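# Structural description and commentary
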Amino acid sequence: METEAQQLVNAQGESLTVEQAVANLRQTEDTGLRYYAAWWLGRFRVAQPDAVDALIQALQDESDRAPDGGYPLRRNAARALGKLGQSCAVDPLIQCLACDDYYVRESAAHALGALGDDQAIPALLNLLAGGAEAATPVEGKPHLVQPYNAILEALGCLGAQSAVDDIRPFLGHPVAQVQNAAARAMYQLTGDDSYCQRLMERLQEPNLQLRRSAMMDLGAIGYLPAAEPIAATLAENSLKLIALQGVLEAHLQEIRFPDADLTPEAQRVLALMDELL
Amino acid sequence: MKDSPSVDQPSSVNEDLAPLIRAIEEADSKGAMVAAVGRLAAQRHPDAIPTLIRVLGYNNPGAAVAAVDGLVALGEASVPALLEELDGYNYGARAWAIRALSLIGDPRALDILLDTATGDFALSVRRAAAKGLGHLNWDLLPPEQVSAAQVQSLQALIQGTEDPEWVVRYAAVAGLQALALAICEALHREYIATIQEQLQRVVQQDDSLAVQARARLALIAVQALPL
């Protein structure tokens, strides 16, 4: 859809071209423009070399600082690079796992999972050092010492078989979302359905946040038996549709659609999605 | 649930609704609000419409879903008040109102659905409007207006299949399928070919597998039409 990127308008109703977005990211006067450009390049999957270079440079930006000392531009640039599928971003993103901004580490872990290069496995595993006991909250912050969800998910996506013993203890972590992330990764690494059953049970939780996160996990791993339970979960249709899209597309890839015909299973998921529009 | 009273005898039933409406005004938690709205909606009484519409602006998704369900169950009776609500300043309420109008399928909402499906900035609203454009109850229009209205829908839905968001394209494809069925019944069949061509294009060119799959399914349904 790269041609569409040319025609799209931003939230203020101004149109932005690829050239402008790259230029906006490269200039240093206006941090807001840079931040928006980094998001925009990821959103519209602009993977041309000058855009990727500018995003990689932005991973080391020192000028855009949040009140908490964080690096907002680095966070956005890492997220964008995760969407562009360029292997030259892997090393710079691995460096970001050492950044003292939690949210930069989180975005980098997500991006590395999405890029699918197993070179990232040792650095991700490193962040699990100390196991589930060391995974404690940071005082005065709404998060744990490391972005465990993103790390566990990335290890699952990267097929890190060697990490199974390091991941398993996180199934018993006190934070439910961390348990979910561990269950999701364990399913991806072992193919054992019992991990998905844990996630399916979470769809009945009284807490909406937990229902949402279990739903997105089931969608991300493409667990076909979860389609009906997801459709029946008490949550927003928008999120159910995204989760079902994940389930459907995993199945479509498996059956090699569009070369193959739609299976009855695929039609069943499509019917569930139609109901949610 | 009690029987739905007819529209022309509202005066006596207001007394039945009054405690239900008060329960909504006095709800002290989000959960209590959802339950109270559900009870009022279940009455399926036209006098509940103004209250149900007010709930759409309360920033309580659970309550809004219950209110939309109630308004949709009331069907055409809700439409004038919903259209009026669209002039309001509350964006959240507007999105829910469009959702209700899409589900009701009354062609009085055609203009707003056309504008919304292609022009709204919220993708969930564009999605709902695209679905609605395919599912309008064309029989409610004077026969001489049906053809022009369907062409307008067709154009907006084709535009919707090129939306940047996959879920809007998905809804537009589902809308095109429903519209093809309606056109087939209304004998404006020259447009079926246009719909098929566009669906073919989506199957071949869309970058989302889910949208491609939905377009394939739509094509199968359209090809099975008795033409």
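Everything below is about the structure shown above.
Right, let's walk through the structure included here. Computed from a predicted model, the values in this text were never measured in an experiment.

### Structural notes on the interface of chain A and chain B
On the side of chain B, 23 residues touch chain A, which itself brings 25 residues to the contact. Summed over both partners, the interface of chain A with chain B buries about 2,100 Å², with 60% contributed by carbon and sulfur atoms. At the surface where chain A touches chain B, the tally comes to 3 salt bridges. Across the pair A:Arg43 and B:Glu165 runs a salt bridge whose closest N-O atoms are separated by 2.8 Å. Seen at the junction of chain A and chain B, the total is 13 residue pairs in polar contact (both at pLDDT 80 or more). Going through the elements one at a time, helix H15 (237-254) and helix H16 (264-276) of chain A are the ones with two or more residues in the side of chain A that touches chain B. No other element matches H15(A), which puts 9 residues into the side of chain A that touches chain B.

### Observations concerning the packing of aromatic side chains
All names here are of chain A. Counted according to the given criterion, the structure contains 6 aromatic pairs over all chains. With a centroid separation of 5.5 Å and 40° between ring planes, the pair formed by Tyr-36 and Trp-39 is classed as tilted. Here Trp-39 and Tyr-36 lie together in helix H3 (residues 31-43), a separation of 3 residues that amounts to about one turn.

### Digging into the environment of B:Ala210
Relative to the helices and strands, B:Ala210 resides in helix H12 (residues 209-223). Under the relative-accessibility criterion, B:Ala210 is labelled buried at 0%. In sequence terms B:Ala210 and B:Leu225 are 15 residues apart; their C-alpha atoms lie 23 Å from each other. Leaving out residues up to four positions away in the same chain, B:Ala210 has contacts with A:Gln245, A:Leu248, A:Glu249, A:Leu252, A:Leu270, B:Trp166 and B:Tyr170.

### A word on the environment of A:Ser162
Residue and element names in this part refer to chain A. Tracing the sequence through the fold places Ser-162 in the loop between helix H9 (148-157) and helix H10 (164-167). In this structure Ser-162 comes out as exposed when scored by relative accessible area, which is 57%. In sequence terms Ser-162 and Cys-88 are 74 residues apart; their C-alpha atoms lie 24 Å from each other. Setting aside its immediate chain neighbours within four residues, Ser-162 contacts Ile-121 and Leu-125.

### Focus: the packing of helix H2 (residues 18-26) of chain A against H3(A)
Packed helix pairs are specified by the crossing angle of their axes together with the interaxial distance, meaning the distance between the axes. Residues and elements named next belong to chain A. Relative orientation of the contacting elements H2 and H3 amounts to 135°, with a least axis distance of 8 Å. In terms of orientation, H2 lies oblique with respect to H3. The two elements H2 and H3 meet at a crossing, and its hand is left-handed. Counted together, Val-18, Ala-21, Val-22, Asn-24 and Leu-25 of H2 and Leu-33, Arg-34, Ala-37, Ala-38, Trp-40 and Leu-41 of H3 form the full contact between these two elements. Residues of the contact of H2 with H3, tallied by class, amount to 9 nonpolar, 1 polar and 1 charged.

How each quantity is defined
- Each chain has its residues counted from 1, running along the sequence as written.
- Note on labels: chains are lettered from A, ligands numbered from 1, in written order.
- Totals for whole chains, interfaces and linings use all residues, but because this is a predicted model, local features are given only for residues with pLDDT of at least 70 and pairs of side-chain atoms are given and counted only at 80 or more.
- The basis for the side-chain values is all heavy atoms of the structure; hydrogens and waters are excluded.
- Note on contacts: a residue pair is in contact if any heavy atoms of the two residues lie within 4.5 Å.
- The term buried area means the drop in 1.4 Å probe accessible area that two parts suffer when joined, counted for both and summed.
- When a carboxyl oxygen of Asp or Glu lies within 4 Å of a side-chain nitrogen of Lys or Arg, that pair is called a salt bridge.
- What qualifies as a polar contact is a pair of N or O atoms within 3.5 Å, subject to a donor-acceptor requirement within protein and to the restriction that residues adjacent in sequence count only when both atoms come from side chains.
- Runs of E in the DSSP output that reach at least two residues are strands. Runs of H or I that reach at least four are helices, and both are numbered from the N terminus.
- Two rings from Phe, Tyr or Trp (for Trp, the six-membered ring) form a pair when their centres are within 6.5 Å of each other. A pair whose planes differ by under 30 degrees is stacked, one over 60 is edge-to-face, and the rest are tilted.
- Note on classification: 1.4 Å probe, protein chains only; a residue is buried when its accessible area is under 20% of the maximum for its type, exposed when over 50%, partly exposed between these limits.
- Lines are fitted to the C-alpha atoms to define the axes, a helix being fitted only along its stretch in contact, and any angle between axes, read from their N-to-C directions, falls within 0 to 180 degrees.
- Convention used here: angles under 35 degrees read as roughly parallel, angles over 145 as roughly antiparallel, angles from 65 to 115 as roughly perpendicular, and any remaining angle as oblique.
- Handedness of a crossing follows from how the near helix is turned relative to the far one, being left-handed for an anticlockwise turn of less than a right angle and right-handed for a clockwise one.
- When residues are grouped by polarity, Ala, Val, Leu, Ile, Met, Phe, Trp, Tyr, Cys and Pro land in nonpolar, Asp, Glu, Lys and Arg in charged, and all others, Gly among them, in polar.

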